[in-house]
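Each chain, letter by letter, is given below.
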Amino acid sequence: YVEELAEKHKIGFINSLLVNKNTLDSFLQRKAKNPNYKFLGNSQNLDPKKIIMAGNLNKHWFAIMIDVSGEKPLVYCADALNWHQHHPHFFECAERVLKLLDPKFVLEQEGRITLRVPDQGNGVDCGPACTVFLKLFAENRLINNKDILADLKEFDYSPQRLVVANELLSSKARKLQN
């Protein structure tokens, strides 16, 4: 779904499972040989200024959203269990992506933004919650560095499962028609 969302909004998508030290070393070696080599591929529809990534830590899904359109990169992190103690790990993933985009990128402390989001309230809705956050970012619905959901104490993420299923089916149907 995340890849479909990125394609729909013409922004970057990275599989966080591929963002590790070996990937970074391999990319930097290829980039040294060919300065035009791109980590995100050569799609003409892609805007590498915004990138979405769904990550998983201990069977828990979280969202990382990267914006490099300004002077300094901004990285938004959101997880519906609000495991703030794990956010340094999430930001490390984002730093690896930034280095893949441009080895000169530096993620400063003020560029690390933890979004306040409603708690998922159970142990099963982290995936649907993650898709909500990524979609809000893709649709430019982050306001003043916070999610439009930030003021809600409760939010039911479960219906997002149907939203994702419907969007995937619609996308598949469109592709089959073409």
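Residues numbered from 1 in each chain as written. Predicted model: local features only at pLDDT ≥ 70, side-chain atom pairs only at ≥ 80, totals over all residues. Heavy atoms only, no water.

The next subject is the pattern of salt bridges. Considering all chains together, one arrives at 8 salt bridges under this definition. One salt bridge connects Arg 112 with Glu 95, and the closest N-O pair in it is separated by 3.1 Å. One end of the pair, Arg 112, is in strand β5 (residues 112-114); the other, Glu 95, is in helix α3 (residues 87-101), with 17 residues separating them in the sequence. Take Glu 95: its relative accessible area is 27%, and that puts it in the partly exposed class. In this structure, the salt-bridge partner of Asp 125 is Arg 161, at a minimum N-O distance of 3.0 Å. Note that Asp 125 is positioned in the loop between β5 and α4 (126-138) and Arg 161 in helix α5 (residues 160-177), a separation of 36 residues in sequence. (Salt bridge = Lys/Arg side-chain N within 4 Å of Asp/Glu carboxyl O. Helix = DSSP H or I, 4+ residues; strand = E, 2+ residues; numbered from the N terminus. Buried < 20%, exposed > 50% of the residue type's maximum accessible area, 1.4 Å probe, protein only.)

Glancing now at the packing of α4 against α5. For the pair α4 and α5, the least separation of the axes is 9 Å and the interaxial angle reads 65°. Once α4 is placed against α5, the crossing between them reads as left-handed. Across the interface between the two elements, Pro 128, Thr 131, Val 132 and Lys 135 from α4 touch Gln 160, Arg 161, Val 163, Val 164 and Glu 167 from α5. Among the residues making up the contact of α4 with α5, the classes are represented as 4 nonpolar, 2 polar and 3 charged. (Axes fitted to C-alpha atoms, helices over the stretch in contact; angles between N-to-C directions. Left-handed = near helix turned anticlockwise from the far one by under 90°. Contact = heavy atoms within 4.5 Å. Nonpolar A, V, L, I, M, F, W, Y, C, P; charged D, E, K, R; others polar.)

Once that is clear, we can look at the confidence of the model for the protein. Averaged over all residues, the pLDDT of the protein equals 78, while 77% of them reach at least 70. Averaged pLDDT values over the elements of the protein bottom out at 58 in strand β7 (residues 146-147) and peak at 90 in strand β4 (residues 74-78). (pLDDT = per-residue confidence, 0-100.)

Here we come to the nonpolar core. Grouped together as the largest cluster of nonpolar side chains are 26 residues, with contacts concentrated most on Ile 52, Met 65, Tyr 76, Leu 115, Phe 133, Leu 134 and Tyr 157. For this core, the secondary-structure elements that each account for two or more residues are α1 (2-9), β2 (47-57), β3 (60-67), β4 and α4. The element best represented in this core is α4, accounting for 8 residues. Sequence-distant contacts of Tyr 157, defined by excluding residues within four places in its chain, comprise Ala 80, Val 117, Pro 118, Asp 119, Gln 120, Asp 125, Pro 128, Ala 129, Val 132 and Phe 133. One finds Val 68, Phe 90, Cys 93 and Leu 107 within the second-largest nonpolar core, a separate group that totals 17 residues. (Core = buried A, V, L, I, M, F, W, Y, C linked by side-chain atoms within 4.5 Å.)

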